[in-house]
Each structure stands twice: as structure tokens, then as C-alpha cells.
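Below are the chains, spelled out letter by letter.
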Amino acid sequence: MAASGKLPTFRLPPLPTLRELIKLFRLQAAKQLSQNFLLDLRLTDKIVRKAGNLTNAYVYEVGPGPGGITRSILNANVAELLVVEKDTRFIPGLQMLSDAAPGKLRIVHGDVLTFKIEKAFPENLKRRWEDDPPNVHIIGNLPFNVSTPLIIKWLESVSCRDGPFTYGRTQMTLTFQKEVAERLVATKGSKQRSRLSIMAQYLCSVEHIFTIPGQAFVPKPEVDVGVVRFTPLVHPKIEQPFKLVEKVVQNAFQFRRKYCHRGLGMLFPTAQRLESTGRLLRSADIDPTLRPTQLSILHFKNLCDVYRKMCDEDPQLFAYNFREELGKSRSKNQNKDSDREHCGL
Ligand code: SAM
């Protein structure tokens, strides 16, 4: 990407190709770690271009592996790139990149699920939440089994404005299994509408920017890959604690093919289920025969607001978990059965 204005442009010097590097450091993908590498630099350039203007930016790359996306980020004229990689085998190859881009690349051997990025970049990058996003970006092509829990963790951080969002409305460009990317952006009424759609869209503007065919990766995964960009909203569409929203949304989608009152009813103990579900749906102005996939974010906002009020009235309610109640009643019934057997009944 060309630098704008008077900033000097940085380009990496000639380096071994990614394939040569993989051979040199024996970096065969570890299947058990779901490693799939992107070796086509036109594709890694495209991911980085779509992440936005990175001139002079501070970028956090998660799971750099052999460094394809890392090269593209360094060529985008960033101020600094911090990479966190779990697999030690990749560190020497990344070190080679660091030597080729003096002072620009910081390598951390660690786990993105626990790394604290909030202390890693200069304080003066911080912006107020209402301002334009800071010049801090997160980019990554992680294994699918890491990217989904990670986005849930970061969405909670968006709602608390902590972690990567202590800098302000930090933008993220991440890859997901295509099916998950489609769920993240699914609108009301679509087949893919799910828990993830609501959790992502009430907090962020979410775009599925393009799809990379599975065959572009080495080794080739079973599925295609969606590149998704998240920009936190100035005003979240639901203003309740993340855990409360998560609970309402999780319950609503419990029985995704049934009417929404079925899943939402599970928010309440059996003894009061009928009455409380009726009150919840009436107060939230929701037709109980809508399917969960037909509920809008505004419907969920109303549900969360009413449920919050009900939790404030009954402090035990939020801790209620229908699975625990089910478990208890099952073991009670089993005990009854074994007593009957014992008595020869
Ligand atoms: N970004 C590289 C690319 O596009 O070619 C590698 C992609 S590979 C799908 C995922 C990378 O994330 C691997 O290098 C893997 O070791 C790393 N990784 C997996 N789990 C991680 C974690 N919890 N923390 C940091 N890195 C992780």
C-alpha cells in the first residue's frame, strides 16, 4: 500500500519466499493445531488492504505463523506491528522478518486468549469512545477453534471498553469458517441468523468483506474462509450488561426451529414459567409465535430491558439455570426409583 503525504514508504527487502521459509525451518502445519497457512501474498495483501488505512498504525496480529499476513502488514507502512504466536517453531522465521524491518516488528511468544494488549501500545493512541476509531488495528487468521471463542471474549471487551478497546473503538479484521462469517452478519429472517449474529451486531458494525476459497490455504481446510471486519458502535444497540444479553440470546436460540416463547421460557423456573414468559413477551411487545431467527435486534433490546427489570425485582432470577433444575429433578426421580426398587415395589 502506498504511503500518503510526506511519510516515507517502507518496503521489506527481498526475502526467502514463504515456501522456502517453511522448508528452511521445517514448519509443516500441525494438524492437531488446525494450522492452515496463506502463502499467496496477493491474498494476504488483500486482507490487509481491506482492514483499512494502516499508515502509521499500531497493529496487533494474532497467530502470524510463517508470516504471510505479517509481511503484508509491514509493507503497509505501519508504525509498529506486534505479533503473538503460540507455536515456538515460527519464532525464528518471524525473527528474520523483524531483522528485515528494524524497529517495526515486536514478537511475543504467547497465547492470544490471555495476552494483555491494553498495555502494549503507547498511551497517547487512546481515543474517546465517541471519537473516530484509534489508529490501532487487530488482524488475524487464527484456527477456527480459537477465532470463535476469541471473538466472544473480545465482544465482551467491546461492551466493557477494556482489553484492546481501552484504546477506543479498535477495528478488527479476522477470518472465520465461512459458515460462521455468514452467521456473524446474518440479518433478521435469514437461515443463518443465530446467537453470534445478535451478539456481534448489537455491539459492532460487522461486514463479511470477502471469502477466500479453501484451496488457497496450505494444507487445504474442508471449508472456505470468510474475512470479517468489526467496528465497535459508538452506541451499542442494547444497553445492558454483556452476560445478561448473552443469557437472553442463548435462551432465545435454545430451540431455534420452535416459537421464541419456548426458548425464552427457559429463563424462568418451571413453577413460574408460563406466567413470567407471558409477562416478558407482553412487556417487550413480541408475538410469542415468532421464531428466534425472526427477532430483530430491537426485539432483543426490549427483551433484555424487560428481563433486567424482572431480575431487579427478583434477585434470584439471574442465577437461575434450567439445566441445573432439570438435573436436580432427574436425580430426584432416580432416587425415587431406586428407593422403590429397594422396597421391592
Ligand atoms: N497467520 C498465518 C497464515 O495466515 O498463514 C497462520 C495461520 S494458522 C491458521 C493459525 C496460527 O495461529 C498458527 O500459526 C498457530 O500456531 C497460531 N495460534 C493458534 N492458536 C493460538 C493462540 N491461542 N495464540 C497465539 N497463536 C495461536
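The rules behind each value
- Residues numbered from 1 in each chain as written.
- Predicted model: local features only at pLDDT ≥ 70, side-chain atom pairs only at ≥ 80, totals over all residues.
- Heavy atoms only, no water.
- Near = heavy atom within 4 Å.
- Polar contact = N/O pair within 3.5 Å; in protein donor to acceptor, adjacent residues only side chain to side chain.
- Areas by Shrake-Rupley, 256 points an atom, 1.4 Å probe, with all protein chains shown as cover.
- 1 Å grid on protein atoms, 1.4 Å probe; cavity = no way out; pocket = protein on both sides within 12 Å on 5 of 7 lines; lining within 4 Å.
- Sits in = over half its atoms within 2 Å of the grid points.
- Helix = DSSP H or I, 4+ residues; strand = E, 2+ residues; numbered from the N terminus.
- Nonpolar A, V, L, I, M, F, W, Y, C, P; charged D, E, K, R; others polar.
- Axes fitted to C-alpha atoms, helices over the stretch in contact; angles between N-to-C directions.
- Left-handed = near helix turned anticlockwise from the far one by under 90°.
- Contact = heavy atoms within 4.5 Å.

S.K.: Looking at this structure, how should I read the site of the ligand?
M.R.: The environment of the ligand is made up of 21 residues, and the closest members are Leu38, Gly63, Glu85, Asp111 and Asn141. Contacts to the ligand include aspartate 111, whose side-chain N or O atom sits 2.9 Å from a nitrogen atom. Within the backbone of valine 112, one N or O atom sits 3.0 Å away from a nitrogen atom of the ligand. Considered on its own, the ligand offers 590 Å² of accessible surface; in the complex 98% of this is hidden by protein. In this structure, the ligand is accommodated by the largest pocket. Elements that contribute at least two residues to the shell around the ligand include exactly strand E1 (37-38) and strand E3 (80-85). The residue inventory of the shell around the ligand, partitioned by class, reads ten nonpolar, seven polar and four charged.

S.K.: Before we go on, may I ask you to explain the packing of helix H8 (residues 242-252) against helix H11 (residues 297-313) in this structure?
M.R.: For any two helices packed against each other, the geometry is given by the interaxial angle and the distance between the axes. Two elements in contact, H8 and H11, have axes separated by 10 Å at closest approach and are oriented at 115°. The crossing of H8 and H11 is right-handed. In contact with Leu244, Val245, Lys247, Val248, Val249 and Ala252 of H8, H11 contributes Phe300, Leu303, Cys304, Tyr307 and Arg308. Within the contact of H8 with H11, the residues separate by chemical class into nine nonpolar, no polar and two charged.

It is worth stressing that arrangement in space is one thing and function is another; only the former is reported here.
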